[in-house]
Amino acid sequence: MYNISTMSRYLLWATIWLVTLTSALAQGIRGRVTDVTTKSAIPGATVVVMNSSVGTTADASGDYSLKLKPGSYTLKISFVGYETLSLPVTVTSGDVVANGELKESASALSEVVVIGSRSQTARTNVQTAAPVDVISTKELKGFPQVDISQVLNFVAPSFNSNRQTVTDGTDHIDPASLRGLGPDQVLVLVNGKRRHTTALVNINGSVGRGSVGTDMNVIPVAAVERIEVLRDGAAAQYGTDAIAGVINVVLKKNYNGFSASLTGGQNMTNMKYVIPNINGGSDARNQKINDGSLLQFDFSKGFRLGKEGRLTVSGQYNSHDRTNRSANDNAPTIYLGSAGGFPTTPAGQDATAFRKDLIAQDQAIIQQRGYNRQNMIVGNSNAKNLGIFVNGGIPVGTKSEFYFSGGITHRTGTGYGNNRIPNSRNQQPLKADGTLYYPDGFLPGIQSSINDQSLILGYKTMLGQWNAEISNVIGQNTFGFTVTNSGNASLPANNNPQTTFDAGKLQFLQNTVNADLSRRFVSASNTTLNVAYGGELRFENFQTHAGESGSYSGDPNRILPIAPPLSGTVVAAPGAQVFPGLQPSDEVNKSRNSQALYLDLEGERGKLLVGAAGRFEHYSDFGSTINGKLTARFQVTPALAVRGSASTGFRAPSLHQRYFQNTSTQFVNGLPSNTLTLNNDSPIVRNVIGVDALKPETSVNLALGVTARAGRAFTLTVDAYQIDITNRIVYSGSFTRAQLGFGTNDYLGVNLVRFFANAINTRTRGLDIVAAERLSVGKGQLVLTAALNFNKNTVTAINSTPLIDDPKNNPVGANPSTWYRTSLFDRNQISIIEDYLPRSKWNLSATYTIGKFDIAARTVRFGEVKFKTATDPDAKRADGTYWNTQFSRDETGHAFIDQTFKPVWITDLTVTYRLTKAIGVTVGANNVFDVYPDQLYIDPRNALGSTDYASGRDNSNRGRFLFSPNQGGYNGRYVFGRVSVNF
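Residues numbered from 1 in each chain as written. Predicted model: local features only at pLDDT ≥ 70, side-chain atom pairs only at ≥ 80, totals over all residues. Heavy atoms only, no water.

**Some remarks on the overall build of the protein**
Move 1: Counting secondary structure elements, the protein contains 11 helices and 47 strands.
Move 2: Relative to its length of 983 residues, the protein is compact, with a C-alpha radius of gyration of 31 Å against a globular reference of 30 Å.
Move 3: Principal-axis analysis of the C-alpha atoms places the extent of the protein at approximately 130 × 65 × 55 Å.
Move 4: The proportion of buried residues among the 983 residues of the protein is 57%.
Move 5: Approximately 38,400 Å² of the protein is accessible, and the part contributed by carbon and sulfur atoms is 57%.
Move 6: Between the centroid of the 91 positive side chains of the protein and the centroid of its 74 negative side chains there is a distance of 6 Å. (Helix = DSSP H or I, 4+ residues; strand = E, 2+ residues; numbered from the N terminus. Rg over C-alpha atoms; globule rule 2.2 N^0.38 Å. Buried < 20%, exposed > 50% of the residue type's maximum accessible area, 1.4 Å probe, protein only. Areas by Shrake-Rupley, 256 points an atom, 1.4 Å probe, with all protein chains shown as cover. Lys, Arg positive; Asp, Glu negative; His and termini not counted. Charge placed at Lys NZ, Arg CZ, Asp CG, Glu CD.)

If you want it as structure tokens, here you go:
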């Protein structure tokens with residue numbers, strides 16, 4: 001009994017001790033974070049213990065827990081879109097329950113931002129001295145768009161990004177624009193650190209022609225906590241590229257759960273258009289199209305690293321099929337004749353009769369072979385995108401942290417060029433018996449393989465009262481080209497000719513090291529001064545790698561027979577059709593480095609906030625630059641403030657613009673032409689044309705605005721701006737062989753030459769208006785926002801060279817279209833800068849949350865855009881007659897080829913139902929009313945079957961291009977469904 005009783009006492013005491021120990025270990029705080037109005041959970045809310053490194057995030061049910069020793073604490077509970085809550089809690093024994101109810105903030109755009117200021121003082125966007133948009137997680141995931149650039153296109157009023165078509169590699173990387181400027185005039189950051197650009201330089205006729213942008217679509221939307229858009233020049237703060245502003249992508253952190261979504265959708269549209277007919281009238285067409293199927297899966301998972309570290313892993317798989325909005329080829333001839341047109345009429349024959357007979361013969365062959373005149377794919381390319389990103393940090397003691405983030409993305413896709421019809425004989429590979437390998441022509445494709453890697457490593461700590469941080473960011477982008485379903489007509493005839501070609505690869509690497517120190521001083525009178533200074537070292541490397549020899553080699557003098565009924569020969573076009581491969585002579589491996597020092601001051605006294613920043617930067621390839629910025633904000637009344645800024649800025653010429661060289665096939669007036677892009681060091685560029693080494697673009701930015709609050713939740717910001725850019729780098733127009741004095745054997749197969757130069761100055765003026773209101777309607781919450789941008793770009797000067805300006809090269813009595821000054825930068829290129837993007841964009845949205853439902857409606861008005869042809873239709877001779885008589889005109893003399901496209905309204909609608917706390921279902925549509933932009937003009941004389949045909953009379957590429965992509969796209973209605981889970 002004694003032994004049993006003793007053992008029982010021991011077991012009893014051991015049990016009590018274990019329970020006590022467990023209770024002691026379990027001491028802490030637990031609770032649930034909910035919306036104060038709807039009482040719904042807020043997954044992902046951040047819960048931090050003030051004055052410590054302890055923190056967590058709420059799970060899918062809004063629940064959280066923290067392990068803490070007994071004591072008194074203050075919790076800071078926050079989530080994007082809500083006001084931050086401070087909650088005092090005392091821990092004694094066991095768990096203390098501390099629930100947090102968050103109120104939605106006064107404005108969806110009034111979130112605490114980190115961009116635009118290095119101050120340690122938290123400010124909302126209506127408190128900053130420069131305008132900042134904040135796009136929250138709710139906006140990122142609430143609508144149909146699945147890529148960051150497309151999300152921003154429909155959310156941020158001054159941001160434009162539209163997918164391009166038949167533009168080689170640009171089909172796969174959306175050119176992005178802020179305030180109507182180029183993709184390389186906006187700086188992209190991730191977690192406040194500079195992100196690398198792509199390896200691709202845009203050299204086709206799209207928005208951002210000649211520029212090098214940043215591919216934001218490699219970042220999974222699931223990895224993003226919010227996006228901050230600074231709409232103000234910031235080169236003095238962040239360095240090159242920040243002329244138009246800065247986009248900062250903030251990745252999720254302190255995430256403690258698992259979320260995932262599966263999205264599927266497709267276009268379901270009715271495309272209507274009109275084409276002219278041979279009888280002088282027009283035919284209305286109506287195509288019901290279901291295409292562009294999309295499947296996307298994304299996820300985010302939070303982990304703990306050790307006791308207090310954090311790690312968020314996010315991934316995305318995206319697969320979307322191509323779309324096609326092309327019309328039929330209206331070329332008068334397909335099998336016979338010459339390159340879709342008419343050959344010279346034989347001597348002694350009537351031209352009209354000869355052409356009618358040729359069309360009839362050709363039509364008989366078309367019917368016999370069942371040829372489909374819808375021979376192009378004009379729309380979004382197909383693509384598959386797989387990416388994974390990580391973001392995390394590990395506290396070191398109570399005042400330091402090691403942090404890291406990075407990502408790897410792989411994307412493949414196929415875009416298409418112009419169809420090569422059978423009678424384009426110089427482009428057709430032949431079989432051994434001399435017949436066409438592609439008897440019905442062929443549509444060549446460009447397969448892109450894009451790989452992107454990035455890594456951020458950093459350490460921040462306190463040195464006394466100074467915040468200190470050091471970081472290293474490395475990123476690399478590679479872009480490989482494979483040409484498919486093609487041929488090289490300059491290679492020997494072969495029954496099994498090569499049809500797929502490795503056309504080469506582009507590669508860009510950037511490594512940036514930053515060291516930053518900052519401190520906030522506070523005087524006895526509560527005047528504050530934030531001092532920040534630091535330095536940056538950056539290394540960049542750009543490489544181009546040649547394709548396989550078959551993609552560019554061949555006999556430059558190879559003779560091919562022309563199409564019957566005529567006899568004769570034509571010289572074969574060299575290289576793989578659609579994209580001749582990069583040649584060994586095009587290969588480059590160029591690097592540069594830069595060093596920068598900056599100082600950033602921000603002081604606040606009473607109602608006045610003043611900031612000043614200066615930056616010195618030295619580049620190894622062109623020298624030094626110094627830039628500065630002044631900002632101020634004055635609180636006139638508690639409800640009204642005025643703010644403004646003045647700054648100088650710069651953009652360093654990219655290595656791509658300096659050294660890229662290749663031969664590409666570009667279409668001029670509907671006809672293919674091999675165009676040689678010469679690098680900036682070429683003797684032809686420097687010595688013949690007289691273009692100097694590329695130098696930085698410089699800018700002067702001025703901005704003035706007001707911010708206002710009224711009532712409980714209404715906010716308004718109005719900001720005007722002016723941006724003057726000098727020595728803007730552009731991709732030139734086309735110079736002919738004759739203009740450059742090429743000999744017969746110089747650059748065989750090349751028809752035209754282009755290059756990069758600091759060729760223009762521009763001025764941008766605009767106005768941004770953002771308003772928001774939150775209302776309680778019934779038992780729900782209604783959020784209303786209006787964001788408007790008005791913007792105008794003007795080319796104020798063209799910077800030329802003595803050769804180009806020589807009067808003998810611009811004779812007064814000659815057609816201005818032949819002038820060298822026109823070749824440098826023609827009116828079409830001016831139009832791309834001035835008119836090709838909407839001059840205004842209005843975003844109006846309403847979101848209503850009630851019970852388990854979220855209903856969101858948004859309409860975006862894309863303002864008018866214009867197209868102007870390169871050949872000036874208004875140029876006149878001394879006698880008042882037009883030089884260029886090929887264009888059709890109205891009764892006032894206006895040429896129809898110059899078009900103004902009226903504004904379009906694109907409306908999105910989504911409905912979300914939360915089945916459980918963890919599962920939600922969303923259905924909706926983008927462009928629910930199936931709106932298309934105005935149709936491109938097709939000259940009636942180019943109607944199918946016309947004997948009076950010339951493709952250069954309009955911009956429809958032989959009737960196959962119907963719409964311009966720059967007003968929200970032209971794919972029509974897109975419907976989708978999404979299932980989201982949060983655990």
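**Regarding the sheet that holds strand β17 (residues 245-251)**
Move 1: In space, the five strands of this open sheet follow the order β11-β16-β17-β14-β15, with mixed pairing throughout. Only two strands of the sheet have a single partner each, and these edge strands are β11 (132-136) and β15 (193-194).
Move 2: Strand direction decides the pairing type here: strand β14 (residues 186-190) and β15, joined by two bridges, are antiparallel. From the neighbouring strand, leucine 189 faces β15, where its bridge partner is arginine 194.
Move 3: Of the strands in this sheet, β11, β16 (224-230) and β17 are in contact with helix α3 (residues 148-155), which crosses β16 at around 55°. (Pairing = 2+ DSSP bridges. Contact = heavy atoms within 4.5 Å. Axes fitted to C-alpha atoms, helices over the stretch in contact; angles between N-to-C directions.)

**Brief notes about the nonpolar core**
Move 1: Counting residues in each nonpolar core, the largest one holds 35 residues, and the members touching the most others are Ile148, Leu152, Phe159, Met216, Ile219, Ile227 and Ile247.
Move 2: Counting residues per element, this core draws most heavily on α3, at four residues.
Move 3: In this structure, Ile173, Val212, Val483 and Ile729 belong to the second largest nonpolar core, which totals 28 residues. (Core = buried A, V, L, I, M, F, W, Y, C linked by side-chain atoms within 4.5 Å.)

**Description of empty space enclosed by the protein**
Move 1: Throughout the structure, instances matching the rule amount to 18 cavities of 30 Å³ or more.
Move 2: Here the residues of the lining of the largest cavity are counted per class, giving nine nonpolar, 18 polar and three charged.
Move 3: Of the voids in this model, the second largest cavity is the one considered here, and its volume is about 250 Å³.
Move 4: In this structure, the second largest cavity is lined by 24 residues; those nearest its centre are Gly182, Gly208, Arg209, Arg728 and Ile833.
Move 5: The biggest single contributor to the lining of the second largest cavity is strand β36 (residues 714-731), with four residues. (1 Å grid on protein atoms, 1.4 Å probe; cavity = no way out; pocket = protein on both sides within 12 Å on 5 of 7 lines; lining within 4 Å. Points joined across faces, edges and corners; volume = space filled by probe spheres on them. Nonpolar A, V, L, I, M, F, W, Y, C, P; charged D, E, K, R; others polar.)

**Description of a nonpolar patch on the surface**
Move 1: Among the surface-exposed residues, Ile394, Val396, Phe402, Leu455, Leu457, Tyr459, Ile470 and Ile474 lie close enough to one another that they form a single nonpolar patch of about 610 Å² accessible area.
Move 2: Secondary structure elements with two or more residues in the nonpolar patch: β21 (382-396), β23 (445-463) and β24 (466-484).
Move 3: The element best represented in the nonpolar patch is β23, accounting for three residues.
Move 4: Inspection of the secondary structure puts valine 396 in strand β21. (Patch = residues over 30% accessible without salt bridge, like charges linked within 9 Å, V, L, I, M, F, W, Y side chains within 5 Å. Salt bridge = Lys/Arg side-chain N within 4 Å of Asp/Glu carboxyl O.)

**Some remarks on the pairing of strand β19 (residues 282-305)**
Move 1: Of the pairings in the sheet, the one linking strand β18 (residues 258-276) to β19 comprises 18 bridges and is antiparallel in character. Residue pairing in the sheet places alanine 260 in a bridge with phenylalanine 299 of β19.
Move 2: Between β18 and β19, which follow one another and run antiparallel, lie five residues, and glycine 280 among them has a positive phi close to 95°.
Move 3: As judged from the 12 bridges shared by β19 and strand β20 (residues 309-320), these two strands associate in the antiparallel manner. In the strand pairing of β20, phenylalanine 303 is matched with leucine 311.
Move 4: The hairpin turn running from β19 into β20, its antiparallel successor, is three residues long, and glycine 306 in that turn takes a positive phi close to 70°.

**Some words on the sheet that holds strand β2 (residues 46-49)**
Move 1: In space, the four strands of this open sheet follow the order β3-β2-β5-β6, with antiparallel pairing throughout. Only two strands of the sheet have a single neighbouring strand rather than two, namely β3 (55-57) and β6 (85-91). Shown here is a sheet whose adjacent strand axes are inclined to one another by a mean of 20°, direction ignored.
Move 2: Inspection of the sheet shows β2 paired to strand β5 (residues 71-78) by four bridges, in the antiparallel sense. Across the sheet, residue valine 47 finds its bridge partner in β5, namely isoleucine 77.

**A word on the environment of glutamine 510**
Move 1: Mapped onto the elements of the fold, glutamine 510 is located in strand β25 (residues 501-522).
Move 2: What makes glutamine 510 buried here is its relative accessible area of 5%.
Move 3: Residues glutamine 510 and serine 161, 349 residues apart in the sequence, show an inter-C-alpha distance of 24 Å.
Move 4: Residue contacts for glutamine 510: discarding those within four places in its chain leaves Arg194, Arg195, His196, Val473, Ile474, Gly475, Arg538, Phe539 and Glu540.

**With respect to the pattern of salt bridges**
Move 1: In this structure the tally under the stated criterion is 41 salt bridges.
Move 2: The partner of aspartate 939 in a salt bridge is arginine 941, and the shortest N-O contact between them spans 3.1 Å.
Move 3: Bridged by salt links that share partners, the residues Glu536, Arg538, Glu540, Arg592, Arg615, Glu617 and Asp621 form one connected network.

**What to know about α3**
Move 1: The buried fraction of α3 is high, at eight of eight residues.
Move 2: Every buried residue of α3 is accounted for by Ile148, Ser149, Gln150, Val151, Leu152, Asn153, Phe154 and Val155.

**Structural notes on the packing of aromatic side chains**
Move 1: Taken as a whole and judged by the stated rule, the model has 22 aromatic pairs.
Move 2: Between tyrosine 437 and tyrosine 438, the aromatic rings sit 5.0 Å apart at their centres with planes inclined by 85°, giving edge-to-face as the arrangement.
Move 3: Relative accessible area serves as the criterion here: at 27%, tyrosine 437 is assigned to the partly exposed category.
Move 4: Accessibility expressed as a relative area gives 11% for tyrosine 438, which makes it buried.
Move 5: Here the aromatic cluster, defined as three or more aromatic residues joined through ring pairs, consists of Tyr437, Tyr438 and Phe442.
Move 6: Arginine 861 extends its terminal NZ or CZ atom over the ring of tryptophan 842, reaching a point 4.2 Å from the ring centre. (Phe/Tyr/Trp six-rings, centres within 6.5 Å; stacked < 30°, edge-to-face > 60°. Lys NZ or Arg CZ within 6 Å of the ring centre and 35° of its normal.)

**A word on unusual backbone geometry**
Move 1: Note the cis peptide between proline 564 and proline 565, where omega equals 15°.
Move 2: Secondary-structure assignment places proline 565 in the loop between β27 (559-561) and β28 (569-571).
Move 3: A positive phi angle, close to 90°, is found at valine 578, a residue other than glycine.
Move 4: Tracing the sequence through the fold places valine 578 in the loop between β28 and β29 (588-605).
Move 5: At asparagine 727, a position not held by glycine, the phi torsion is positive, near 60°.
Move 6: By the element assignment, asparagine 727 lies in strand β36.

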